[in-house]
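Here's the letter readout for the chains.
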Amino acid sequence: MMSTTPIVTEMQVIPVAGYDSMLMTLSGAHAPWFTRNIVIIKDNAGHTGIGEIHGGDYTCDALTSVIPLVVGQPIGKYRAILDSIHRASRKSDEDDGEGIQTLDISKLKFVVKAEWAIECALLDLLGQYLGLQMCELLGNGKQRDKVETLGYLFYVSDKEKAQDLPYIDESQSSDPWFRMRRREMLTPEQIVEQAQCLHEKYGFRNFKLKGGVLRGEEEMEAVRALKKAFPNGRINIDPNGAWSLQEAIELCKPMEDVLTYIEDPTGPEAGYSSREVMAEFKNAVKLPVATNMIATDWRQFYHAAALKSVDIVLADPHFWGFDGTIRMAQLLNDWGLTWGSHSNNHFDITLAAFAQVGAAAPGHPTALDTHWIWQDGQNLLKDAPQIVDGYLELSDKPGLGVTIDMDRVMEANRLYNSLSSHDRDDAMAMQYLIPNWKYDSKKPCLVR
Ligand code: GKR
Ligand code: MG
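Given the structure is predicted, the values throughout are model-derived calculations rather than measurements.

(A) Focus on helix H11 (residues 298–306). If you check which residues of H11 are buried, you get Gln300, Phe301 and Ala304. Buried residues along H11 cover an arc of 100 degrees about the axis, so they all sit on one side. Exposed side of H11, more than 90 degrees from the buried face: Arg299, Tyr302 and Ala306 are the residues found there. In this fold, the buried residues of H11 make contact with helix H10 (274–284), strand E12 (312–314), helix H12 (317–320) and helix H13 (322–334). Put simply, aspartate 297 is the residue that caps the front of H11, since its side-chain oxygen is 3.1 Å from the backbone nitrogen of arginine 299. Following H11 by one or two positions, lysine 308 adopts a phi angle in the positive range, close to 55 degrees.

So, in structure tokens, the structure goes:
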């Protein structure tokens with residue numbers, strides 16, 4: 001009889017919430033909380049595997065509905081398990097296929113694939129069974145021991161302007177970054193202070209400013225100030241497609257010696273898709289172009305690659321899966337292009353997963369995005385990975401290499417259950433700043 005790997009005995013899906021700052025983006029202002037779904041899978045060898053994915057009832061229901069396809073299966077057949085989930089899932093009637101090329105965040109749940117949290121948990125179990133780190137099971141195996149990450153800078157609004165909303169207060173913290181991250185930061189000087197504080201705490205030398213908030217010229221002023229403060233630093237900006245093609249060219253041409261890359265400068269316009277518009281942008285401006293908006297699946301990537309619209313694909317494992325992300329990293333490396341990862345707000349289980357994919361990506365990935373600095377301290381792990389000297393450390397233990405803290409998970413689940421809505425809605429908090437504010441993919445959120 002063929003020998004088998006351990007059998008899955010149990011799969012739990014636990015929705016959780018954590019606290020956030022009033023971070024500003026094209027979509028509006030982050031609410032006081034963000035939500036995620038945690039998957040915990042146990043096997044009959046006594047191991048526990050974990051994964052984390054975006055929050056909300058849509059993703060939670062998708063995960064819960066496939067539990068029967070996972071329990072009872074041998075972990076070594078994880079590819080067949082994922083295949084059975086793909087075959088069983090069908091496109092939602094609400095999913096118009098646009099993806100997030102206009103950063104309509106109500107569509108994010110269609111770009112995120114719930115089953116990648118299951119893939120993570122199964123690879124965690126398989127790694128523990130084989131005594132190998134998860135990165136050894138991906139692509140060509142481990143490429144590095146630590147993964148470069150960037151300091152993700154955000155404009156932050158004054159939470160006192162939304163007094164009904166219970167934003168977390170850390171003004172009494174002994175940690176300078178924890179105190180700073182909850183207060184208003186809207187000027188170029190404050191963005192530089194933010195970067196300096198992050199450099200002190202985590203050692204970042206690379207920074208990305210989330211744009212789409214103020215007028216493009218004002219945001220470029222902040223980018224110039226950052227470059228002055230960190231002359232050897234790699235500085236990027238991501239306005240999430242807020243600028244028209246003409247505006248993007250005018251803003252970015254003078255920045256060719258300042259920016260390292262520009263992320264999603266433009267979106268769809270005048271009947272052209274953002275893949276076409278970004279190709280035209282690339283003809284006009286000598287800057288590498290990154291995206292997490294116009295290539296979020298293989299079909300979109302086919303068109304983006306055919307049009308040469310991008311140089312850097314920020315292929316996030318929550319969109320592409322672990323196997324898919326590394327497949328993308330290999331392909332980009334073979335073609336002389338660059339892989340990196342996008343992020344949304346997340347807990348430390350996702351941080352540990354970023355360490356594993358970052359360690360397995362071949363070539364020279366660009367420093368990975370992570371929102372975790374805005375959540376640092378709200379750990380769901382007993383041994384959260386650390387960012388030291390700008391690098392995310394990789395656990396040397398097998399699998400994902402970390403241990404879940406169930407007390408913290410259940411606390412985060414209680415917070416989730418206390419919320420009236422589980423979906424991200426950046427218009428809600430934004431309306432405290434600008435009454436009747438409505439999302440417009442072509443207008444920075446504070447420009448109305
Ligand atoms: O978390 O507000 C945010 C980001 O703006 C997010 O929505 C984007 O998906 O960070 C992301 C990006 O790089 O486009
Ligand atoms: Mg982006």
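(B) Geometry of the layout of surface pockets. When its volume is computed, the largest pocket comes out at roughly 1300 Å³. Taken together, 48 residues line the largest pocket, and the ones lying closest to its centre are Ser89, Phe110, Val112, Lys113 and Glu115. Elements represented by at least two residues in the lining of the largest pocket include exactly helix H1 (57–65), helix H3 (78–88), helix H4 (108–111), helix H5 (115–130), H11, H12 and H13. Of the residues in the lining of the largest pocket, the class split is 17 nonpolar, 13 polar and 18 charged. Taken domain by domain, the makeup of the lining of the largest pocket includes at least three residues from each of domain 1 (8–136 + 407–417) and domain 2 (140–400). Estimates place the volume of the second largest pocket at around 710 Å³. Every residue lining the second largest pocket is counted, 33 residues in all, and those nearest its centre are Ile105, His422, Asp423, Arg424 and Asp425. Of all the secondary structure elements, the ones that give two or more residues to the lining of the second largest pocket are strand E4 (33–43), H1, H4 and helix H16 (426–433). In terms of residues, the lining of the second largest pocket owes the most to one element, E4, which gives four residues. The class makeup of the residues in the lining of the second largest pocket is 12 nonpolar, 13 polar and eight charged.

(C) A look at empty space enclosed by the protein. Scanning the entire structure with this criterion turns up two cavities of 30 Å³ or more. Reported here for the largest cavity is a volume of approximately 150 Å³. Lining of the largest cavity is provided by 18 residues; of these, Leu103, Lys210, His342, Asn344 and Arg424 occupy positions nearest its centre. For the lining of the largest cavity, the per-class residue count stands at six nonpolar, nine polar and three charged. Looking at which domains feed residues into the lining of the largest cavity, each of domain 1 (8–136 + 407–417) and domain 2 (140–400) gives three or more. Every residue along the wall of the second largest cavity is listed here: Leu26, Gln101, Thr102, Asn240, Gly241, Gly267, Pro268, Met293, Ser441 and Lys442. Taken together, the residues that form the lining of the second largest cavity break down as three nonpolar, six polar and one charged. Counting contributing residues per domain, the lining of the second largest cavity is built from domain 1 (8–136 + 407–417) and domain 2 (140–400), each supplying no fewer than three.

(D) Seen up close, the coordination of the magnesium ion (ligand 2). For the magnesium ion (ligand 2), the protein coordination sphere consists of Asp238 (OD), Glu263 (OE) and Asn292 (OD1), at 2.0 to 2.1 Å. Here the donor residues of the magnesium ion (ligand 2) share one chain and are spaced in sequence as D-x24-E-x28-N. With aspartate 238 in strand E9 (residues 234–238) and asparagine 292 in the loop between strand E11 (289–291) and H11, this residue pair connects regions lying 54 residues apart in the sequence.

(E) Here's a closer look at the sheet that holds strand E14 (residues 387–388). Strand order in this open sheet of three strands is E6-E15-E14, and the pairing throughout is antiparallel. What marks the edges here is a single partner per strand, and that holds for strand E6 (146–148) and E14. Where E6 and strand E15 (residues 391–393) come together, three bridges link them in antiparallel fashion. Within E15, the residue paired with lysine 146 across the bridge is glutamate 393. Packed on one face of the sheet, helix H14 (residues 348–360) meets E6 and E15 and runs near 105 degrees to E15.

(F) Spatial organisation of the pairing of E9. Within E9, four of the five residues are buried, which leaves the element mostly enclosed by the surrounding structure. Note that strand E8 (residues 206–210) and E9 share five bridges and pair parallel. Following the sheet pairing, lysine 210 is matched in E9 by aspartate 238. Read from E8 through helix H8 (residues 216–229) to E9, the crossover connection turns out right-handed. Where E9 and strand E10 (residues 259–263) come together, three bridges link them in parallel fashion. Its bridge partner being in E10, asparagine 236 is matched across the sheet by tyrosine 261. Once you follow E9 into helix H9 (residues 245–252) and on to E10, the crossover reads as right-handed.

(G) The arrangement of the side chain of threonine 350 in detail. Looking at the secondary structure, you find threonine 350 in helix H14. A polar contact is formed between the side chain of threonine 350 and the side chain of histidine 318, at a distance of 2.9 Å.

(H) Here's a closer look at the domain arrangement of the protein. What the domain assignment reports for the protein is domain 1 (8–136 + 407–417) and domain 2 (140–400). With 51 residues of domain 1 at the contact, the number on the domain 2 side is 64 residues. Approximately 4600 Å² of surface area, both sides summed, lies buried where domain 1 meets domain 2, with 63% of it carried by carbon and sulfur atoms. Ranking the residues of domain 1 by area buried against domain 2 places Met22, Gln101 and Cys135 at the top, with a combined share of 16%. Scanning the region where domain 1 abuts domain 2 turns up one salt bridge. Aspartate 323 is the salt-bridge partner of arginine 79, the closest N and O atoms lying 3.5 Å from each other. The tally of links from domain 1 across to domain 2 stands at 33 residue pairs in polar contact (both at pLDDT 80 or more). For the side of domain 1 that touches domain 2, the secondary structure elements donating two or more residues are strand E1 (8–19), strand E2 (24–25), E4, strand E5 (48–54), H4, H5 and helix H15 (406–418).

Quick notes on the rules
- Residues numbered from 1 in each chain as written.
- Chains lettered and ligands numbered in written order.
- Predicted model: local features only at pLDDT ≥ 70, side-chain atom pairs only at ≥ 80, totals over all residues.
- Heavy atoms only, no water.
- Buried < 20%, exposed > 50% of the residue type's maximum accessible area, 1.4 Å probe, protein only.
- Helix = DSSP H or I, 4+ residues; strand = E, 2+ residues; numbered from the N terminus.
- Arc of directions from axis to C-beta.
- Contact = heavy atoms within 4.5 Å.
- Polar contact = N/O pair within 3.5 Å; in protein donor to acceptor, adjacent residues only side chain to side chain.
- 1 Å grid on protein atoms, 1.4 Å probe; cavity = no way out; pocket = protein on both sides within 12 Å on 5 of 7 lines; lining within 4 Å.
- Points joined across faces, edges and corners; volume = space filled by probe spheres on them.
- Nonpolar A, V, L, I, M, F, W, Y, C, P; charged D, E, K, R; others polar.
- Domains from an automatic or database assignment.
- Donors = N, O, S within 2.8 Å, 3.2 Å for Na, K, Ca; no water.
- Pairing = 2+ DSSP bridges.
- Axes fitted to C-alpha atoms, helices over the stretch in contact; angles between N-to-C directions.
- Right-handed = clockwise from strand over helix to strand, strands pointing away.
- Buried area = accessible area lost by both parts, 1.4 Å probe.
- Salt bridge = Lys/Arg side-chain N within 4 Å of Asp/Glu carboxyl O.

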